[in-house]
Amino acid sequence: MSTEEKPAAPRSLAEALRARDDDSLSALLRGRPDLITPVPTDLTQLATRAGTRASVVRALERLDRFALQTAEALAVAADPATYAELLGLMAGDDGDPLVTAALPRGLGTLRELALVWGPDDRLRLVRTARELLAPTPQHPSPTGLGPTVQEATSGMSPGRIQDLVTAAGLPSTHDSVSATAALTGLFTDRTRMSALLDEAPAASVEVLERLVWGPPYGQVTADPAPRLRWLLDRGLLLPTAPGTVVLPREVALHLRAGRAHRAPEPVAPPVETAATHRPQVVDATAAGQAYTTLATVEDLLKDWDEGGPAVLRAGGLSVRDLKRTAVALDVSEPVAAFWVELAYAAGLIASDGEADERYAATPAYDEWLEQPAAERWTRLAQTWLTGTRTAGLVGGRDAKDRALAALGPGLDRSAAPDVRHRVLGLLAELPEGAAPARESVLARLRWERPLRRDPQRDSQRDTGPDADLRVRLARWALSEAELLGVTGRGALSAHGRALLGAHAPAHAPDEEPEGPGDKLPVHHRPVPRLAPLTPAEQSVASATAARLLAPLLPEPLDHVLLQADLTAVAPGPLQRHLADMLDVLADVESKGGATVYRFTPASVRRALDAGRAASDLHAFLTEHSRTPVPQPLAYLIDDVARRHGHLRVGAASAYVRCDDDAMLNEILADKRSAGLRLRRLAPTVLAAQADPAALLEGLRAMGFAPAAESAEGDVLITRAHAHRTPPRTPPEPVPEGPPAPDPTLLAAAIRAIRAGDLASTTPRKSPEPAADGALPRTSSAETLATMQAAVLTGQALWIGYVNAEGAASQRVIAPVRVEGGFVTAYDHTADEVRTYPLHRITGVAELADE
């Protein structure tokens, strides 16, 4: 009866990867997409790349808190460690059931990301991760543990080590190695260690309790106190430098009951509900804010319609211009920065690129205005959700202590889209209408990515709770989602849920029935993450969100309410042509649920300057007012129109002409006209030393209503000049490392890696390869003869090949035909038939029989 042999444990990470199936390799490459940029030639190169410092740091930053705690425990365990040892470090002597149940998941995450390899009886943390996480005096471990006895005594004299052994009640040994092993055995033996500590003075035990959870280092004088001397004599404290002692790792673990961490966190903290509202109230509130979003962006672009503020030399808006914009929008400066950045990210504003560079609306803004309101909102919301521009940074300083300006450089944070998506995803998992407690959302994100910090901030100087980049981004995401109308009263709206591509939960997560085999309480199970949407899915999600939002937005009105105090009240949003006309004919006095417009002589004259006649204005107001046109307003229009254009100003340097010479006499007699230096040329003509524009303003300041005229004597019609930039593309989001590979790329990459690994690991006959694994060169005659023989026998060959760009590679091929200086063969590496020039084949060898 034969017994099945246990497979040999892998001797390296490359061998461990070689034993994985395609699904496991796909999971690794999805979790660490930097490993296939570019695609490795074989599994050995993949393993090497997976062990580089930059890649390991990136992988550690993607770990949740419990998986990271598992890696930290392995970093202080023996190398290799057993699963039982790891479980003891994580669950302690009492065997915490939650930790015991969650440990397979934490270890599985590390294995999936190739941070840990080997079977359960020989677990190995990759060397780079151990170097990053193991405790050192310069970089203490989050576990609070210090060096082992062996590490702490490495520079100690043999005599001193023997003294420690004797003082601890152990028999003396012949060498330092066995003495260190004896001390380690004592400190790791629970029974003997407890007996030793029972003899310790209470003051000495108190010293150990202060050091047990870290930091493990302390200061002593040249003549230590008795309580310290007792610990030093028995090796319970070991000197590491003059005046410095450390608590050995083994002693600390005994005092901790075997735990590597003071508070293991095996389960994610739940997102708590702060308030619950009816879904209809949430949707209505969010829709109202969505309408405010559109109105605010339109007001911003209208304010910059004739050319916005100047661009700073270093890029961005000046503090003064941001303040002016905030006043114009009636919002705070941080909120104004958010709206400006949102319009910029959506491609609605940009720099005009001229000599005196200014910000202005783009042609895309005019196209955006023509879209339905719901579609305009989804464009802004989708831009916010996927963009990397971070308005919350405006007003702060970067790592070089330079001020960060709105629309300026340095505001991109590649983690922003992931955080916004994750925050909304957590809201989507709550019941409809449930608003989360903000701190619980932040605590959840801290658990999911505990290592993430802002790379553009000084980590040594910035160590507060908000130094975590994800926490700051999450705070801003919650506020901006409410400001934008994605959420209402703190809860995710229906159109916000659709924008995310999520579906409303049918019940609260705590009410889910437990499935078979579940070991964790329901509220402790991980919430499934919503996968990022593809561009096609984003388009569908945006269309769905627009469809849900459209009925909730107010319908544009075609009327206003005229009042006797020369004001008009718009009880809601106005149709575009009506709003545009009122903007010319009247001044906005107040905004809110209803907009109040005020008619003044200057505003009426503005409409007349734009080419409107008094009869046009009367007809317009009569058509669009639900109330009769008040008599004071009709008189105002007629009075301004009667005087409008009675005086004509043209270019001489400038002149004034009027059929009423009495009016010209009145102007000449007015002392305010002295600065214009007027003189009479004819009974109906005055000449001026000022230019036409200054003359127009001067006469209007005197109370007249002159009109400008052309060289032909026609009245010039003046309209607001809408300044537009040349066509501009919106700023591209800055990706956070390589993008996640799609299934097609993954499949192709795995095929290429497998084929390259086959080429590099297939046994070969003589000539033997060189020591570095490169194929020895063969002559052209030998290469040709081997190829022709392989065609006759159908044998596969191992070749070295240099392509036209000079890149060398190794391949396994099965020659089919050799002619004309080329070999046609089935290339196992590329998994296709290819033709190779013989002169580019550097060497060839036959494969071994097995």
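Below or above, wherever it landed, is the structure these notes cover. (Residues numbered from 1 in each chain as written. Predicted model: local features only at pLDDT ≥ 70, side-chain atom pairs only at ≥ 80, totals over all residues. Heavy atoms only, no water.)

**Focus on the overall build of the protein chain**
Here is step 1: The number of helices and strands found in the protein chain is 33 helices and 25 strands.
Here is step 2: Looking at the protein chain residue by residue over its 850 residues, the buried ones come to 46%.
Here is step 3: Taking as baseline every contact in the protein chain between residues at least 6 positions apart, the subset at least 24 positions apart corresponds to 66%.
Here is step 4: Accessible surface, the protein chain: about 41300 Å² in total, of which carbon and sulfur atoms supply 54%. (Helix = DSSP H or I, 4+ residues; strand = E, 2+ residues; numbered from the N terminus. Buried < 20%, exposed > 50% of the residue type's maximum accessible area, 1.4 Å probe, protein only. Contact = heavy atoms within 4.5 Å. Areas by Shrake-Rupley, 256 points an atom, 1.4 Å probe, with all protein chains shown as cover.)

**Topic: the sheet that holds strand β13 (residues 567-570)**
Here is step 1: Taking strand neighbours across the sheet as the criterion, the 4 strands line up as β12-β13-β15-β14 in an open arrangement whose pairing is antiparallel. Lying at the two open borders of the sheet, with one neighbouring strand each, are β12 (561-563) and β14 (587-590). Neighbour-to-neighbour, the strand axes of this sheet turn through a mean angle of 30 degrees, independent of strand direction.
Here is step 2: Where β12 and β13 come together, 3 bridges link them in antiparallel fashion. In the strand pairing of β13, L561 is matched with V569. (Pairing = 2+ DSSP bridges. Axes fitted to C-alpha atoms, helices over the stretch in contact; angles between N-to-C directions.)

**Regarding the environment of A268**
Here is step 1: Here A268 shows up in the loop between α15 (249-255) and β6 (273-276).
Here is step 2: Judged by its relative accessible area of 8%, A268 falls in the buried class.
Here is step 3: Residues A268 and F66, spaced 202 residues apart in sequence, show a C-alpha to C-alpha distance of 8.5 Å.
Here is step 4: Once residues within four sequence positions are removed from consideration, A268 is found in contact with R444 and W447.

**Details of the packing of helix α28 (residues 614-624) against helix α29 (residues 631-643)**
Here is step 1: Where α28 meets α29, the axes come as close as 10 Å, and the angle between the chain directions of the two elements is 160 degrees. Classified by the interaxial angle, the pair formed by α28 and α29 is roughly antiparallel. The handedness of the crossing between α28 and α29 is right-handed. Of α29, the residues touching α28 (which contributes A614, L617, H618 and L621) are L633, A634, I637, D638 and A641.
Here is step 2: The residue makeup of the contact of α28 with α29, split by class, is 7 nonpolar, 1 polar and 1 charged. (Parallel < 35°, antiparallel > 145°, perpendicular 65-115°, else oblique. Left-handed = near helix turned anticlockwise from the far one by under 90°. Nonpolar A, V, L, I, M, F, W, Y, C, P; charged D, E, K, R; others polar.)

**Quick look at the packing of aromatic side chains**
Here is step 1: Per the stated rule, a full pass over the model turns up 4 aromatic pairs.
Here is step 2: Here the aromatic rings of Y801 and Y836 are separated by 4.8 Å at their centres, their planes lie at 65 degrees, and the arrangement is edge-to-face. In this pair, Y801 is assigned in strand β21 (residues 797-802) and Y836 in strand β24 (residues 832-837), connecting sequence segments 35 residues apart.
Here is step 3: On the accessibility criterion, Y801 (11% relative accessible area) is buried.
Here is step 4: Over the aromatic face of W368 sits the side chain of R376, whose NZ or CZ is 5.2 Å from the ring centroid. (Phe/Tyr/Trp six-rings, centres within 6.5 Å; stacked < 30°, edge-to-face > 60°. Lys NZ or Arg CZ within 6 Å of the ring centre and 35° of its normal.)

**Focus: unusual backbone geometry**
Here is step 1: Going from T37 to P38, the amide bond is cis rather than trans, its omega being 0 degrees.
Here is step 2: Of note, the bond from D79 into P80 is cis; its omega dihedral lies within 30 degrees of zero at 0 degrees.
Here is step 3: In this structure, P80 sits in the loop between α5 (65-75) and α6 (83-91).
Here is step 4: Even without being a glycine, R677 presents a positive backbone phi close to 50 degrees.
Here is step 5: Along the polypeptide, R677 turns up in the loop between α30 (661-669) and β18 (679-682).

**Looking at α29**
Here is step 1: Compared with an ideal rise of 1.5 Å per residue, which puts 13 residues at 18 Å, α29 spans 18 Å between its outermost C-alpha atoms and is within 8% of the ideal.
Here is step 2: Listed as buried for α29 are L633, A634, L636, I637 and V640. One side of α29 holds all its buried residues, which, seen down the axis, span an arc of 160 degrees. The outward face of α29, more than 90 degrees from its buried face, is lined by the exposed residues Q631, Y635 and R642.
Here is step 3: Looking at the buried residues of α29, the elements they touch are β12, α27 (601-609) and α28. (Expected span 1.5 Å × (residues − 1). Arc of directions from axis to C-beta.)

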